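Tertiary structure, described
Chain by chain, the residues run as shown.
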Amino acid sequence: MSFVASTGSEGSSNLTLSESLLAGDLGIWIDIDKRGSLFSTVVPTGFTPFYDVTAVLGTEQFGVVLAYKILVTGDISSSKTGISGTGNTAKLCAIFRPSSSLSAVIPQNPINFQFTANNPPAQNILAAAQTPPLINFGVVYEDDGCNFTTVSPSFDGVVSSGAVNRIRFGYKIYNTAPANQSVDSQDYGDNFLASGYIRVS
């Protein structure tokens, strides 16, 4: 398993997937919005959600979709529709390439997640006992921009939804000998932090 590319958008209902993807690649979709009124999440056609939640934090409502798809030729450079675009919306799709054809995608269930108005505590991804290959991941969101603070062991890479960095997605690929991992971010006011692993076979 290897990382290929990612694309992102901010303030839009749509996201165009990477031109670098190939049929059989794994796409990991992240779509998050925060508003002062109720709204519905949207899962893009063909993707399978493994986290699809709305939550109220103070006067704000969050909507979060994490989903995956074993991609096909028609997905190359294609536009996908998710949560309707507002000033706080952000989307990201990260593409990973397996070393052989995928037959199953098994995300951690449930993933680690927290909505909080305080500094979210570090989350522990308990992946050491899982069968590789797998991807450990972290997701942090804040509409004014965000990042991870302490991650141990470090991510292989961190990608962003766009210039504001509303979503940061970190990943660590284990083709052999997976390990547990700690993921943390700082207090941005209204905070969302999530993490977990995604096994493939």
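The structure under discussion appears in the preceding block.
Residues numbered from 1 in each chain as written. Predicted model: local features only at pLDDT ≥ 70, side-chain atom pairs only at ≥ 80, totals over all residues. Heavy atoms only, no water.

1. Here's the deal with the pairing of strand E13 (residues 157-160)
- What you see with E13 is a clean split: Gly-157 and Val-159 sit on the buried side and Val-158 and Ser-160 on the side with no burial.
- Looking at chain direction, E13 and strand E14 (residues 167-174) are connected through four bridges and run antiparallel. Note on E14: the bridge partner recorded for Gly-157 is Tyr-171.
- Counting the residues that bridge the hairpin from E13 to E14 gives six residues, and of these Asn-165 lies at a positive phi of roughly 65°. (Buried < 20%, exposed > 50% of the residue type's maximum accessible area, 1.4 Å probe, protein only. Helix = DSSP H or I, 4+ residues; strand = E, 2+ residues; numbered from the N terminus. Pairing = 2+ DSSP bridges.)

2. So, the packing of aromatic side chains
- Applying the stated criterion across every chain yields a total of 15 aromatic pairs.
- Both rings, one in Phe-50 and one in Tyr-68, keep their centres 6.4 Å apart while their planes meet at 35°; by these two values the pair is tilted. Of this pair, Phe-50 sits in strand E4 (residues 48-57) while Tyr-68 sits in strand E5 (residues 60-70), and the two are 18 residues apart along the sequence.
- When its relative accessible area of 16% is taken as the criterion, Phe-50 is described as buried.
- Given the relative accessible area of 16%, Tyr-68 is considered buried.
- On the basis of an interplanar angle of 65° and a centroid distance of 5.1 Å, the ring pair of Phe-148 and Phe-155 is categorised as edge-to-face. (Phe/Tyr/Trp six-rings, centres within 6.5 Å; stacked < 30°, edge-to-face > 60°.)

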